[in-house]
Amino acid sequence: MSIFQTTALAAAGIDTGAAADAAQTRANIMNASQAAEDAVISPLYTGAFSHELRAALAARIAAAGGVPDLAERYLAKAGDMAALADPASDGGDLAHIIDFVDRAANATKDIAASDISDLQAAGVADADIVRLCELVAFTAYQLRVVAGLKLMKGAAA
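What this report covers is the structure whose coordinates are included nearby. The structure presented is a predicted model; accordingly, all values stated were derived computationally and were not measured. (Residues numbered from 1 in each chain as written. Predicted model: local features only at pLDDT ≥ 70, side-chain atom pairs only at ≥ 80, totals over all residues. Heavy atoms only, no water.)

Structural notes on the overall build of the chain
So, point 1. Along the backbone of the chain there are eight helices and zero strands.
So, point 2. For the chain, the sequential pattern of α-helices and β-strands runs α-α-α-α-α-α-α-α.
So, point 3. Expressed as a percentage of its 157 residues, the buried residues of the chain come to 39%.
So, point 4. Carbon together with sulfur atoms contributes 56% to the accessible area of the chain, which is approximately 7,900 Å² in total. (Helix = DSSP H or I, 4+ residues; strand = E, 2+ residues; numbered from the N terminus. Buried < 20%, exposed > 50% of the residue type's maximum accessible area, 1.4 Å probe, protein only. Areas by Shrake-Rupley, 256 points an atom, 1.4 Å probe, with all protein chains shown as cover.)

Next up, the structure:
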C-alpha cells in the first residue's frame, strides 16, 4: 500500500504537492498510523464489536468532529450498522454504547467512573470497554492528523 492510500492522507486529499512531499518524509508515521487503524477498526479478534460497528462508531466520531471526508471513508465500511454513524441516532439497542462513545469523544473530561460502571451493568465486558476507549482515542488522534494535513495542504481544517 502506498502511504497515499492510508486513511489519513486520503481523507485529507493529499497525493501531490508540498504536503505530499512532507508526508513522504514521514512515511513510517503514516504506515504506523494505518497499522493502528487496522488494529482498531478491523482487528482479528473483535470482541463484542463487529468491524461494521467499529466503522460506524468511527464515522460517527469523525462526523461529530467536523471531518466529513473521514466519516465517509468509515461509513463505506459500516454495512448494516451505517445508521449508527449519524450523530442524531440514539443507537436503539446500543444506546449505552453510543452514549459512552459520544461522551468519550466529545466530552472526554466529563467521563467518570460511573460511565464505566454503567457499561459494566449493561453487560459490556471490561475488555470491550477497553476496545471502545481505543477506538475513541485512535479516531480522535486521526481527526487531529487529518486537520493538520489539511492545514499543510492549505485547505480549511
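Some words on the environment of Ala-58
So, point 1. By secondary structure assignment, the location of Ala-58 is in helix H4 (residues 51–64).
So, point 2. Considering only alpha carbons, one finds Ala-58 and Leu-70, 12 residues apart in sequence, at a separation of 8.7 Å.
So, point 3. Setting aside its immediate chain neighbours within four residues, Ala-58 contacts Ile-41, Tyr-74, Leu-135 and Thr-139. (Contact = heavy atoms within 4.5 Å.)

Some remarks on the side chain of Glu-37
So, point 1. Relative to the assigned elements, Glu-37 resides in helix H3 (residues 27–41).
So, point 2. Under the relative-accessibility criterion, Glu-37 is labelled buried at 1%.
So, point 3. At 3.0 Å, the side chain of Glu-37 and the side chain of Gln-142 are in polar contact. (Polar contact = N/O pair within 3.5 Å; in protein donor to acceptor, adjacent residues only side chain to side chain.)

What about the packing of aromatic side chains?
So, point 1. A complete count under the given rule lists one aromatic pair for this structure.
So, point 2. Between Phe-138 and Tyr-141 the ring centres are 5.7 Å apart and the planes differ by 50°, which places this aromatic pair in the tilted class. Residue Phe-138 and its partner Tyr-141 are located together in helix H8 (residues 126–153), separated by three residues, close to a single helical turn. (Phe/Tyr/Trp six-rings, centres within 6.5 Å; stacked < 30°, edge-to-face > 60°.)

Details of the nonpolar core
So, point 1. Ranked by internal contacts, the top residues of the largest apolar core, which has 32 residues, are Leu-57, Ile-97 and Leu-132.
So, point 2. Counting only elements with at least two residues in this core, the list comes to H3, H4, helix H5 (68–75), helix H6 (95–106) and H8.
So, point 3. If you tally residues by element for this core, the top one is H4, at eight residues. (Core = buried A, V, L, I, M, F, W, Y, C linked by side-chain atoms within 4.5 Å.)

A word on the environment of Ser-42
So, point 1. For Ser-42, the position within the fold is in the loop between H3 and H4.
So, point 2. On the accessibility criterion, Ser-42 (38% relative accessible area) is partly exposed.
So, point 3. Between the C-alpha atoms of Ser-42 and Glu-52, which are 10 residues apart in sequence, the distance is 8.7 Å.
So, point 4. Those residues in contact with Ser-42, other than ones at most four positions away along the chain, are Glu-37 and His-51.

Remarks on the environment of Val-101
So, point 1. Summarising the element assignment, Val-101 is placed in helix H6.
So, point 2. The spacing of Val-101 and Leu-135 is 34 residues in sequence and 8.9 Å in space, taken between C-alpha atoms.
So, point 3. Leaving out residues up to four positions away in the same chain, Val-101 has contacts with Leu-57, Ile-61, Leu-132 and Val-136.

Considering the pattern of salt bridges
So, point 1. In this structure the tally under the stated criterion is five salt bridges.
So, point 2. The partner of Lys-77 in a salt bridge is Glu-37, with the nearest N and O atoms 3.7 Å apart. Residue Lys-77 is found in the loop between H5 and H6, and its partner Glu-37 is found in helix H3; the two are separated by 40 residues along the sequence.
So, point 3. The class for Lys-77 is partly exposed, based on a relative accessible area of 42%. (Salt bridge = Lys/Arg side-chain N within 4 Å of Asp/Glu carboxyl O.)

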